[in-house]
Amino acid sequence: MQIAVVGTGYVGLVVGACLAESGNDVTCCDIDAAKIARLNAGEIPIYEPGLEPLVERNLEQGRLHFTTEVDRGVAEAEVIFIAVGTPPGEDGSADLKHVLAVAGTIGRNMPATGPEKIVITKSTVPVGTAGKVREAILKHTNRTFHVCSNPEFLKEGAAVQDFMKPDRVVVGVDSEHARQRLGELYAPFVRTGNPVLFMDIASAEITKYAANAMLATRISFMNMVAGLCEAVGADVARVRQGIGTDDRIGQSFLFAGIGYGGSCFPKDVKALVHTLQAVGVDASILDGVEQVNEAQKKLLLERVTERFGEDLSDLTFGVWGLSFKPETDDMREAPALTVVRGLIERGARVRAHDPQARHEAEHYFADLLEDGSLQLCDGNYDCIEGADALLVLTEWQPYRHPDFERIKNRLSQPLIFDGRNLWDPEKMRGYGFHYVSIGRPAVAPLTVATAAAAGE
Ligand SMILES: NC(=O)c1ccc[n+]([C@@H]2O[C@H](COP(=O)([O-])OP(=O)(O)OC[C@H]3O[C@@H](n4cnc5c(N)ncnc54)[C@H](O)[C@@H]3O)[C@@H](O)[C@H]2O)c1
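Residues numbered from 1 in each chain as written. Predicted model: local features only at pLDDT ≥ 70, side-chain atom pairs only at ≥ 80, totals over all residues. Heavy atoms only, no water.

Colleague: Lay out the overall build of the protein with the relevant residues and their values.
Modeller: Along the backbone of the protein there are 19 helices and 14 strands. The C-alpha radius of gyration computed for the protein amounts to 24 Å, which stays within 12% of the reference 23 Å derived for 456 residues, consistent with globular compactness. The C-alpha extent of the protein, read off along each of the three principal axes, is 85 × 45 × 40 Å. Residues counted as buried form 53% of the 456 residues belonging to the protein. Carbon and sulfur atoms make up 51% of the accessible area of the protein, which totals about 19900 Å². (Helix = DSSP H or I, 4+ residues; strand = E, 2+ residues; numbered from the N terminus. Rg over C-alpha atoms; globule rule 2.2 N^0.38 Å. Buried < 20%, exposed > 50% of the residue type's maximum accessible area, 1.4 Å probe, protein only. Areas by Shrake-Rupley, 256 points an atom, 1.4 Å probe, with all protein chains shown as cover.)

As structure tokens, this is what we get:
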């Protein structure tokens, strides 16, 4: 099929490359000329495992094209995916200006002949958006076209795998033609029997928000339980095992930590709250989810100030991990933004490392890098040299089995605040650390006196 994907970001680029891989002719369009120039030069502007070879191969074999000529891209395609950003507006609702701008472009460039176009909202959009897209196109044309909702469930860090082998594909349609063409388009991705779930458009639009809000709820729920565990000296990791082994609950998204971030959960929870309120449905569950998450992002700062006081001047902290989760360079709404700025606002200096997010950090922390309060380091051990404590903010794989002796030797005191519960508190105690984690008892190093008292 002749496909245009409009918006070549984390979603559009993956969708475009994966659809080209299954034999389609795909044009990825974006108004960001610098991004398109890099892609045409064979450079991938984001870090996403497995994406680079896919783009390279399909570019070379002529099935994948990158252009800033959105007009031409949409005019020539039969199937058009709208995959532009839907950032939160001031009131928390999803801002549809990019989506509707693309719809206008599609309308203005509707050819007089050729196949009936299928326009698909791939961006995460509130219920009712497909109707607005249809209206925006209809202002410019009286040709027959089809609008569908096909929300994307890929996870950054595993996006290619998720798109190539989806758990399910959700498609909201209101015409048999669109249903048939999208069934054909997705057939190669669901050969093992995972379903393509066709439904009405409104249900498809709601499904995406319901999925993200449910996952965010599980995270905030466990963070609330972690608070209880800390208050009474219990261990949230044990509670997680205790409930996650219940089939009705399952294991996923039950890890306590310093809160969810990223480009989706925070904005999608806000947008769903807005939609619920607009139609008069009680949104208090999600208000609670957001409140817990906001508090959670500040938790490590609280632990640090409990230890050192509100004034952190003359102190240096080493930070491991800046991206909102491992295996991505995305720092949108990352807890690191709150923690690093919070430390520096209180007078501290920060030295940080992230395996992939350095260039994003240069953008988000430009002011702090310029005034010297933040330094980005190439190696994770470099950033803790002489530091007063290590803070772990992202659970990157290379941090999981570090050389603890090396950490201890580099820190000015053996103190770790772990926002991702990477290590076992008892072992950390044995290695000689003061170790503070989330929802588990903080531990102090074994001294001769404490060991004797504990009978060890
Ligand atoms: N990132 C994720 O993990 C993820 C997962 C599922 C769904 N989504 C949803 O997909 C959508 C896109 O997210 P993203 O993370 O890829 O965003 P992104 O910011 O990485 O990319 C959006 C791209 O759209 C381009 N753009 C904006 N206006 C345009 C226009 N008028 N014409 C052409 N290009 C235009 C921007 O230049 C940018 O490159 C959002 O609605 C998001 O909620 C994201």
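Colleague: Which residues make up the sheet that holds strand S10 (residues 349–353), and what values go with them?
Modeller: With respect to topology, six strands assemble into an open sheet ordered S11-S10-S9-S12-S13-S14, the strand pairing being parallel. The open sheet has two edge strands, strand S11 (374–376) and strand S14 (434–436), and neither has a second partner. The sheet shows a mean angle of 20° between the axes of neighbouring strands, direction not considered. In this structure, strand S9 (residues 316–320) lies alongside strand S12 (residues 389–392), joined through four bridges in parallel fashion. Bridging from a neighbouring strand, Trp320 pairs with Val392 of S12. On top of the sheet, helix H13 (residues 299–308) reaches S9, S12, strand S13 (415–418) and S14; it is set at about 155° to S13, its chief contact. (Pairing = 2+ DSSP bridges. Axes fitted to C-alpha atoms, helices over the stretch in contact; angles between N-to-C directions. Contact = heavy atoms within 4.5 Å.)

Colleague: Report on the side chain of Thr67, specifying residues and quantitative values.
Modeller: Along the chain, the position of Thr67 falls in strand S3 (residues 64–67). At 2.8 Å, the side chain of Thr67 forms a polar contact with the backbone nitrogen of Glu69. Apart from residues lying up to four places away in sequence, Thr67 is in contact with Thr27, Cys28, Cys29, Asp30 and Ile36. (Polar contact = N/O pair within 3.5 Å; in protein donor to acceptor, adjacent residues only side chain to side chain.)

Colleague: Kindly report on the environment of Arg179, identifying the contributing residues and their values.
Modeller: Here Arg179 lies in helix H8 (residues 176–186). Arg179 gets classed as partly exposed once you look at its relative accessible area, which sits at 37%. Put simply, Arg179 and Met199 are 20 residues apart on the chain and 9.5 Å apart in space, counted from C-alpha to C-alpha. Those residues in contact with Arg179 that sit more than four places away from it in its chain are Val173 and Phe198.

Colleague: Run through the environment of Ala352, naming residues and quoting values.
Modeller: Here Ala352 shows up in strand S10. Looking at Ala352, the relative accessible area reads 1%, which means it is buried. Distance from Ala352 to Phe317, taken between C-alpha atoms, is 8.2 Å for residues 35 residues apart in sequence. Once residues within four sequence positions are removed from consideration, Ala352 is found in contact with Val319, Leu322, Leu374, Gln375, Leu376, Cys377 and Cys383.

Colleague: Residues and numbers for empty space enclosed by the protein, please.
Modeller: Inspection of every chain in the model, using the stated rule, returns two cavities of 30 Å³ or more. Here the largest cavity defines a volume of roughly 50 Å³. Taken together, Tyr260, Pro266, Lys270, Glu290, Asn293, Glu294, Lys297 and Glu333 form the lining of the largest cavity. Mapped onto the lining of the largest cavity, the elements with two or more residues apiece are helix H11 (265–278) and helix H12 (284–297). Here the residues of the lining of the largest cavity are counted per class, giving two nonpolar, one polar and five charged. Approximately 30 Å³ is the volume found for the second largest cavity. What lines the second largest cavity is Thr121, Ser123, Thr124, Val125, Ser149, Pro151, Ala204, Glu205 and Lys208. Split into classes, the residues belonging to the lining of the second largest cavity amount to three nonpolar, four polar and two charged. (1 Å grid on protein atoms, 1.4 Å probe; cavity = no way out; pocket = protein on both sides within 12 Å on 5 of 7 lines; lining within 4 Å. Points joined across faces, edges and corners; volume = space filled by probe spheres on them. Nonpolar A, V, L, I, M, F, W, Y, C, P; charged D, E, K, R; others polar.)

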